[in-house]
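Overview (structure and organization)
One-letter residues, chain by chain:
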Amino acid sequence: QVQLVESGGGSVQAGGSLRLSCVASGRILSIDNMGWYRQAPGKQRELVATITSGGSTNYADSVKGRFTISRDNAKNTMSLQMNNLKPGDTAVYLCNAVVVATYSNPYKANYWGQGTQVTVSS
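Residues numbered from 1 in each chain as written. Predicted model: local features only at pLDDT ≥ 70, side-chain atom pairs only at ≥ 80, totals over all residues. Heavy atoms only, no water.

**A short note on the overall build of the protein chain**
Applicable threshold: Under the DSSP-based scheme used, a helix requires at least four consecutive residues in state H or I and a strand at least two consecutive residues in state E, with every element numbered from the N terminus. In this description the radius of gyration comes from C-alpha coordinates, and the expected globular size is given by 2.2 Å times residues to the power 0.38. Each residue's exposure class comes from its accessible area (1.4 Å probe, protein chains only) as a fraction of the maximum for that residue type: buried when under 20%, exposed when over 50%, partly exposed otherwise. Any pair of residues with heavy atoms lying within 4.5 Å of one another is described as a contacting pair. Accessible surface is estimated by sampling points in the Shrake-Rupley manner with a 1.4 Å probe; for residues, cover comes only from the protein chains shown. Charge counting treats Lys and Arg as positive and Asp and Glu as negative, with His and both chain ends excluded. By convention, the charge on Lys lies at NZ, on Arg at CZ, on Asp at CG and on Glu at CD.
Each helix and strand counted, the protein chain has zero helices and 11 strands in total. Counting from the amino terminus, the protein chain carries its helices and strands in the arrangement β-β-β-β-β-β-β-β-β-β-β. Compactness check: the protein chain gives a C-alpha radius of gyration of 14 Å against a globular reference of 14 Å for 122 residues, within 12% of the reference. Across its three principal directions, the C-alpha atoms of the protein chain cover 50 × 25 × 25 Å. Buried positions account for 39% of the 122 residues belonging to the protein chain. Within the protein chain, contacts between residues separated by at least 24 positions form 57% of all contacts whose residues are at least 6 apart in sequence. Accessible surface for the protein chain amounts to roughly 6,500 Å². Of this, 46% is attributable to carbon and sulfur atoms. The protein chain carries 11 positive and 6 negative side-chain charges, and their two centres are separated by 1 Å.

Have a look at this one:
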């Protein structure tokens, strides 16, 4: 089975920075779109940033100019550089990827990581 594992979360003061990473493992043939989502307690999950296999990116308006998404296709990894963090960024950040896995036949499916907590104090 394919697994996505996030890392890099933690607690920082407002204005600080964190870098999140997502590593995909398993019988992976290729990875299409990837993205970061976040969910705060009592709130709906929201899209933070996405990146295509070709490197095209999109960002939520709330993080434009502060966050940068990137990926390394050779290593099946994705990162989210978060600068000038604000208390409103506090949430569990989730890695998402559309993966083509190699089993009996190539199998394409959407996968989610377990999430990593980001806490920004004021």
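Now that the structure has been shown, the text picks up again.
**Some details on the nonpolar core**
Put simply, the rule is: Take the buried residues of types Ala, Val, Leu, Ile, Met, Phe, Trp, Tyr and Cys, join any two whose side-chain atoms come within 4.5 Å, and each joined set is a nonpolar core.
One finds W36, V48, F67, M78, L80, M82 and Y93 to be the most contacted residues of the largest nonpolar core, which totals 33 residues. Listing elements by their share of this core, those giving two or more residues are β3 (18-25), β4 (28-39), β5 (46-51), β7 (67-72), β8 (77-82), β9 (91-102), β10 (106-112) and β11 (116-121). Ignoring sequence-local partners within four residues, the contact set of M82 consists of G16, S17, L18, L20, R66, F67, Y93 and V118.

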